[in-house]
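Per-entry structural report
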Amino acid sequence: MVLVRGNSWELTLAPRLRAEVSAHTRAPWPLADRGASWALDQSGPAEFHHVPVLLEAVLEALRPAPGASLIDATVGGGGHALALLRAAQPGGRLLGIDADPAALATAHARLTAAGLPPGSFVLHHGRFADLRAIATARGFDAVDAVLLDLGVSSHQLDTPRRGFSFSAEGPLDMRLDPTGGPTAADLVNQLGERELADLIYRYGEERASRRIARLIVERRRQAPITTTADLANLVLRAVGRGGRERIHPATRTFQALRIAVNRELEQLEAALPQAVELLRPGGRLAVISFHSLEDRIVKQFFRAESGYGGSAGERPPRLTIITRKPIEADPAEVAANPRARSARLRVAERRA
Ligand SMILES: C[S@@+](CC[C@H](N)C(=O)[O-])C[C@H]1O[C@@H](n2cnc3c(N)ncnc32)[C@H](O)[C@@H]1O
């Protein structure tokens, strides 16, 4: 069974497709292809764990009214989607998009178990750079709210075989969509030293990028770098333990590779204008980012689209900024969910 990119499934097709998705999420697809021998992670939707960040703030910002049409372009485990869709009853509808079939399976199970009205949600496997085409094809071409909760879920991060984390050994994969595209191992073993250094510097803001790239190239001459532990140890050798650093020395290199593998910044830059086009006047766009590179893109886009400094160009401004400063999690939320520490929520409203 192969789920092709762009495939989607709906509530009405649940039994057959749930079986398909379940088979898919349990299959060792990238690993078998690559001849790796990792123990399979058998976790399915029931074990998926991800606490939605800034949930109250998102609900307040997007204010879903009964009958609202909503898009969650990063539906993940469905935490935000469920709360938004509940608030939009009766009559509300939601389109949930995700690059990761495992996330969609979880969102599907969660929204189904919540007993929402049949047909009130549609889930779609795809990337949010294709937002307009997906939304139009699914009948969501004029909506009241779009949410982008960027990056990876806790579940993706904590599943060793997905290869996102240096704290557990796994294949150096890092693809949000494991059904295709180059892995982190492909980049690490194939890019030239200069390209690698630039990538680690630009996306990881890592000052030791040249040293790390040099060591990677030296090491891969002996054997390809294939695991998260291989790479983490190499970075540690290149930069040392860094006395006062709060974070693991490999954090920035891993972030850089993840951004590059998934083309995260390009995806965001492509999605933002499409989200604006899909909004009805008065509709709202909310974006939660987790690092400064993403937040800068959102901030600059909102400014340009709201006519800030006359930068909207020829056309009249399309957005009003609702959050002058990004909303951050309060200490209680950070204590309960450390991942919320770096979350920044920005919201804008579509003008007439
Ligand atoms: C932080 S999680 C979202 C969690 C979700 N809000 C919830 O409450 O469970 C981010 C999700 O976005 C997905 N994602 C990231 N970039 C994407 C892209 N370009 N296109 C589609 N999905 C993407 C990831 O696979 C992940 O499931």
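First things first, this report covers the structure right here in the doc. (Residues numbered from 1 in each chain as written. Predicted model: local features only at pLDDT ≥ 70, side-chain atom pairs only at ≥ 80, totals over all residues.)

Right, let's get into the overall build of the protein. Check the secondary structure of the protein and you find 15 helices and eight strands. When each of the 352 residues of the protein is scored for burial, the buried share is 48%. In the protein, of all internal contacts separated by at least 6 residues, the share reaching a separation of at least 24 is 70%. (Helix = DSSP H or I, 4+ residues; strand = E, 2+ residues; numbered from the N terminus. Buried ≥ 20, exposed ≤ 12 C-beta atoms within 10 Å, placed from the backbone. Contact = placed C-beta atoms within 7 Å.)

Below, the discussion takes up the site of the ligand. Around the ligand, the structure places 21 residues, and the nearest of them are P52, T74, G76, G77 and G79. Residues that form the shell around the ligand fall into these classes: seven nonpolar, 10 polar and four charged. (Near = placed C-beta within 6 Å. Nonpolar A, V, L, I, M, F, W, Y, C, P; charged D, E, K, R; others polar.)

To continue, consider the pairing of strand β3 (residues 93-98). With six of its six residues buried, β3 lies for the most part within the structure. Two elements, β3 and strand β4 (residues 121-125), share five bridges in a ladder whose sense is parallel. Paired with I97 across the strands is H124, a residue of β4. Taken together, β3, helix α5 (residues 101-113) and β4 form a β-α-β motif whose crossover is right-handed. (Pairing = 2+ DSSP bridges. Right-handed = clockwise from strand over helix to strand, strands pointing away.)

With that settled, the discussion passes to the packing of helix α3 (residues 55-62) against helix α4 (residues 79-87). For the pair α3 and α4, the least separation of the axes is 10 Å and the interaxial angle reads 40°. Relative to α4, α3 is oriented oblique. As for how α3 packs across α4, the hand of that crossing is right-handed. Contact residues: L55, V58, L59 and L62 in α3; G79, H80, A83, L84 and A87 in α4. Of the residues contributing to the contact of α3 with α4, the split by class is seven nonpolar, two polar and no charged. (Axes fitted to C-alpha atoms, helices over the stretch in contact; angles between N-to-C directions. Parallel < 35°, antiparallel > 145°, perpendicular 65-115°, else oblique. Left-handed = near helix turned anticlockwise from the far one by under 90°.)

Between Q89 and P90 the backbone carries a cis peptide bond, its omega angle lying at 0°. Secondary-structure assignment places P90 in the loop between α4 and β3. One non-glycine residue, R63, lies in positive phi territory at about 40°. With respect to the helices and strands, the residue R63 is situated in the loop between α3 and β2 (69-72). On the neighbour-count criterion, R63 (14 C-beta atoms within 10 Å) is partly exposed. For E205, which is not glycine, the phi torsion reads 50° and is therefore positive. With 14 C-beta atoms packed within 10 Å, E205 lands in the partly exposed category.

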